[in-house]
Amino acid sequence: EPLKVGEKVEVFGLQSAAGRSLNGKSGTITKFDGAKGRFMVELGLPSLQSLKPENLKRVVTSSTPFTAPTDCYNGSSAGYTLL
(Lines give C-alpha, C1' and ligand atoms only; values in the text may rest on other atoms or scores of the structure.)
Protein backbone atom coordinates (compact mmCIF):
# COMPACT_ATOMS: atom_id res chain seq x y z
CA GLU A 1 0.00 0.00 0.00
CA PRO A 2 1.48 3.40 -0.97
CA LEU A 3 2.57 5.87 1.69
CA LYS A 4 0.21 8.78 2.37
CA VAL A 5 0.39 12.28 3.83
CA GLY A 6 0.04 12.15 7.61
CA GLU A 7 1.64 8.73 8.00
CA LYS A 8 4.53 8.11 10.39
CA VAL A 9 7.67 6.88 8.61
CA GLU A 10 11.29 5.98 9.35
CA VAL A 11 14.18 6.93 7.08
CA PHE A 12 16.56 4.20 5.91
CA GLY A 13 19.04 3.37 3.17
CA LEU A 14 20.43 6.86 2.55
CA GLN A 15 24.04 6.66 1.34
CA SER A 16 25.31 10.25 1.17
CA ALA A 17 27.29 11.71 4.06
CA ALA A 18 24.46 14.12 4.86
CA GLY A 19 21.78 11.47 4.31
CA ARG A 20 23.33 8.83 6.54
CA SER A 21 22.71 11.02 9.58
CA LEU A 22 18.97 10.82 8.82
CA ASN A 23 18.84 7.01 8.70
CA GLY A 24 16.80 5.69 11.64
CA LYS A 25 15.00 8.99 12.24
CA SER A 26 11.20 8.93 12.37
CA GLY A 27 8.84 11.61 11.20
CA THR A 28 5.56 12.45 9.52
CA ILE A 29 4.87 12.86 5.82
CA THR A 30 3.59 16.41 5.25
CA LYS A 31 3.12 16.36 1.46
CA PHE A 32 4.01 14.60 -1.78
CA ASP A 33 5.93 16.47 -4.48
CA GLY A 34 4.63 14.81 -7.64
CA ALA A 35 7.08 16.68 -9.88
CA LYS A 36 10.05 15.22 -8.01
CA GLY A 37 8.41 11.97 -6.92
CA ARG A 38 9.46 12.67 -3.34
CA PHE A 39 7.76 13.02 0.02
CA MET A 40 8.32 16.02 2.26
CA VAL A 41 8.91 14.63 5.74
CA GLU A 42 8.96 16.46 9.08
CA LEU A 43 11.73 14.88 11.16
CA GLY A 44 11.89 17.48 13.93
CA LEU A 45 14.71 19.30 12.13
CA PRO A 46 14.79 22.98 11.11
CA SER A 47 13.67 22.15 7.56
CA LEU A 48 11.51 19.54 5.88
CA GLN A 49 13.37 16.69 4.22
CA SER A 50 12.63 15.71 0.62
CA LEU A 51 12.90 11.92 0.46
CA LYS A 52 12.25 9.20 -2.11
CA PRO A 53 9.56 6.63 -1.22
CA GLU A 54 12.14 3.83 -1.35
CA ASN A 55 14.00 5.47 1.56
CA LEU A 56 10.93 5.51 3.79
CA LYS A 57 9.25 2.71 5.67
CA ARG A 58 5.95 2.97 7.48
CA VAL A 59 6.21 3.00 11.26
CA VAL A 60 3.76 0.44 12.58
CA THR A 61 2.12 1.67 15.73
CA SER A 62 0.57 -0.72 18.17
CA SER A 63 -3.20 -0.74 18.14
CA THR A 64 -3.22 -1.84 21.78
CA PRO A 65 -3.82 1.16 24.03
CA PHE A 66 -1.31 1.64 26.84
CA THR A 67 -2.56 0.65 30.25
CA ALA A 68 -0.66 1.52 33.40
CA PRO A 69 0.17 -1.30 35.78
CA THR A 70 -2.48 -1.62 38.47
CA ASP A 71 0.04 -1.90 41.32
CA CYS A 72 1.19 1.70 41.02
CA TYR A 73 -0.70 4.95 40.74
CA ASN A 74 0.95 8.12 39.58
CA GLY A 75 -2.06 10.30 38.79
CA SER A 76 -2.71 13.82 40.06
CA SER A 77 -3.36 12.63 43.62
CA ALA A 78 -0.35 10.30 43.88
CA GLY A 79 1.38 10.73 47.22
CA TYR A 80 -1.64 12.37 48.87
CA THR A 81 -4.16 10.92 51.26
CA LEU A 82 -7.64 11.69 50.02
CA LEU A 83 -10.00 12.62 52.85
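The structure under discussion appears in the preceding block.
The present account deals with the structure reproduced in this document.

1. A short note on the sheet that holds strand β2 (residues 26–33)
Hydrogen bonds between backbone atoms are what pair the strands of a sheet, whose relative direction is either parallel or antiparallel. The strand order across the open sheet built from 5 strands is β4-β3-β2-β1-β5, with neighbouring strands paired in antiparallel fashion. The sheet terminates laterally at β4 (49–51) and β5 (56–58), the two strands that pair on one side only. The mean inter-strand angle of the sheet, taken between neighbouring strand axes irrespective of direction, is 50 degrees. As paired strands, strand β3 (residues 38–42) and β4 are joined by 3 bridges and run antiparallel to one another. Counted as the bridge partner of Val 41 is Gln 49 from β4.

2. A short note on the packing of aromatic side chains
For the structure shown, the criterion picks out 1 aromatic pair. With 4.8 Å between their ring centres and 55 degrees between their planes, Phe 32 and Phe 39 make a pair best called tilted. For Phe 32, a relative accessible area of 44% corresponds to the partly exposed category. Among the residues examined, Phe 39 registers a relative accessible area of 7% and is labelled buried. Positioned over the ring face of Phe 12 is Lys 57, at 5.2 Å from the centre of the ring.

Definitions and cut-offs
- Residues numbered from 1 in each chain as written.
- Predicted model: local features only at pLDDT ≥ 70, side-chain atom pairs only at ≥ 80, totals over all residues.
- Heavy atoms only, no water.
- Pairing = 2+ DSSP bridges.
- Helix = DSSP H or I, 4+ residues; strand = E, 2+ residues; numbered from the N terminus.
- Axes fitted to C-alpha atoms, helices over the stretch in contact; angles between N-to-C directions.
- Phe/Tyr/Trp six-rings, centres within 6.5 Å; stacked < 30°, edge-to-face > 60°.
- Buried < 20%, exposed > 50% of the residue type's maximum accessible area, 1.4 Å probe, protein only.
- Lys NZ or Arg CZ within 6 Å of the ring centre and 35° of its normal.

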